[in-house]
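Structure at a glance
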Amino acid sequence: MSIVVVGTVAFDTVETPFGKGENVLGGSATYFSTSASFFTDVSLVAVVGEDFPEEHVSFLKSRNIDTSGLQRIPGKTFHWSGRYGYDLNEAQTLDTQLNVLMEFQPDLPESYRDAEYLFLANIDPDLQMQVLEQVKAPKLIACDTMNFWISSKPDSLKKVLQKVDIVVINEGEARQLTGEANLIKAARQIIALGCKRLVVKRGEYGVLMFTSDSVFAAPAYPLEEVFDPTGAGDTFAGGFMGYLANTGDLSEAGIRQAIIFGSVMASFNVEDFSLNRMKRLDYREIETRYKSFKSLTNFRDIVI
Ligand code: AMP
């Protein structure tokens, strides 16, 4: 089954303690769709400006991503600048230039409208809503967001959150969204808005998944070398949704397996700058790392 994703396709300028990338390929939809493309067909909805090099579009096409929903309009491409300190868990945004995002009117190609899986990646919640309204009857809708939209468009964002099945956000964003310091209480409040599941990304501490009556925890894969965490969250979401769309298994066990595939994909992405690690990733490596994940979290039950 294929996934439709709306999000940003961007130029990023990123500084980490290990180096700097200037105007490199980034964006929530770029990371998401590249990651999901290892599992399923992906159709991209996004906008770039006249300055966006054709080689980046060719890369997306080389991953079999449908780019017919990628508009190129007059103006400059969305640009994000951020910095990470030695605590690589949270990015500090230095500058956000929305540029062509301010003019963007998503108009989904006819072939996208029957999509069964829809991911509303991090972008203006008004644009997320416009895309949501054009997809006819999706089986599963998930969404992400970030502090920038939580503070600038809280009402639009709440409307989106009421219409999705799964919310996938960072720990800090869950707290910001609810004004609640305790993560469990924050999770309860977000679920009360109307979604069935909440997936909280916690950087090197892994992921917590909440429903109204269960919690599932997955660690992050222990890595010796982490160079650039940019895009880890979107890459996680791409592996998670990609695997779900591939199997169509929305049982609790199927969703937990998808959480691990998402974590595996994120663990590869942080090993290099921009999408460089994704560009040289092979599916066999994904399977091998999935198996080490399994042994990492496997332990014997107690006998009563
Ligand atoms: P993450 O997975 O959270 O590390 O996402 C990183 C990506 O989000 C970067 O490649 C940025 O281009 C993109 N990004 C940063 N700020 C925003 C924003 N306000 N809206 C949408 N995308 C953004």
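Our subject is the structure listed above.
Residues numbered from 1 in each chain as written. Predicted model: local features only at pLDDT ≥ 70, side-chain atom pairs only at ≥ 80, totals over all residues. Heavy atoms only, no water.

Near the ligand there are 18 residues, and of these D12, G27, W149, G231 and D234 occur at the shortest range. In the model, a nitrogen atom of the ligand is placed 3.4 Å from a nitrogen or oxygen of the N122 side chain. Isolated, the ligand exposes 510 Å² of accessible area, and the fraction of that covered by the protein chains is 92%. With three residues, helix α8 (residues 232–247) is the single largest residue contributor to the shell around the ligand. In the shell around the ligand, the residues fall into nine nonpolar, seven polar and two charged. (Near = heavy atom within 4 Å. Polar contact = N/O pair within 3.5 Å; in protein donor to acceptor, adjacent residues only side chain to side chain. Areas by Shrake-Rupley, 256 points an atom, 1.4 Å probe, with all protein chains shown as cover. Helix = DSSP H or I, 4+ residues; strand = E, 2+ residues; numbered from the N terminus. Nonpolar A, V, L, I, M, F, W, Y, C, P; charged D, E, K, R; others polar.)

What follows concerns the sheet that holds strand β5 (residues 66–72). Reading across from one edge, β5-β4-β1-β8-β9-β10-β11-β12-β13 is the order of the nine strands in this open sheet, with mixed pairing throughout. Edge positions in the sheet fall to β5 and β13 (215–218), since each has one partner strand and no second. Direction aside, neighbouring strands of the sheet carry axes that sit 15° apart on average. In the sheet, strand β11 (residues 197–201) pairs with strand β12 (residues 207–210) via four bridges, with the strands oriented antiparallel. Within β12, the residue paired with V199 across the bridge is M209. Sitting on the sheet, helix α6 (residues 171–178) is in contact with β10 (166–170) and β11, with an inclination near 105° to β10. (Pairing = 2+ DSSP bridges. Axes fitted to C-alpha atoms, helices over the stretch in contact; angles between N-to-C directions. Contact = heavy atoms within 4.5 Å.)

Quick look at the pattern of salt bridges now. Within this structure, the stated rule accounts for 17 salt bridges. Taking the shortest distance from any N to any O, the salt bridge between R113 and E110 comes out at 3.8 Å. Overall, the relative accessible area of 18% leaves R113 in the buried class. Residue E110 is classed as exposed on the basis of its relative accessible area, which comes to 56%. What emerges from the salt-bridge pattern is a single network uniting E271, R277, E285 and R289. (Salt bridge = Lys/Arg side-chain N within 4 Å of Asp/Glu carboxyl O. Buried < 20%, exposed > 50% of the residue type's maximum accessible area, 1.4 Å probe, protein only.)

Another point: helix α5 (residues 154–161). Along α5, the positions that sit buried rather than exposed are S156, L157, V160 and L161. Around the axis of α5, the buried residues are gathered within 140° of arc, so they sit on the same side. Facing away from the buried side of α5 by over 90 degrees, the exposed positions are D155 and K159. Buried residues along α5 sit against β8 (117–120), α3 (125–134), β9 (140–143), α4 (147–152), β10 and α6. (Arc of directions from axis to C-beta.)

Within the secondary structure, D301 sits in the segment after α11 (283–296). For D301, a relative accessible area of 65% puts it in the exposed group.

Moving on, we get to the sheet that holds strand β6 (residues 79–83). With respect to topology, four strands assemble into an open sheet ordered β3-β2-β6-β7, the strand pairing being mixed. For this open sheet the edge positions go to β3 (19–26) and β7 (92–97), each flanked by a neighbour on one side alone. This sheet shows a mean twist of 15° between the axes of neighbouring strands, independent of strand direction. Set on the sheet, helix α1 (residues 28–36) makes contact with β2 (10–16) and β3; between it and β3 the angle comes to about 80°.

So, on to the nonpolar core. Residues L44, F119, V199, F240, M241, I259 and I286 are the most contacted members of the largest nonpolar core, which totals 55 residues. When residues in this core are grouped by element, the largest group, nine residues, is from helix α9 (residues 252–269). Setting aside residues up to four positions removed in sequence, I259 forms contacts with V199, V207, M209, F216, A218, F236 and F240. Membership of the second largest hydrophobic core comes to 46 residues, among which are V14, V100, Y112 and W149. (Core = buried A, V, L, I, M, F, W, Y, C linked by side-chain atoms within 4.5 Å.)

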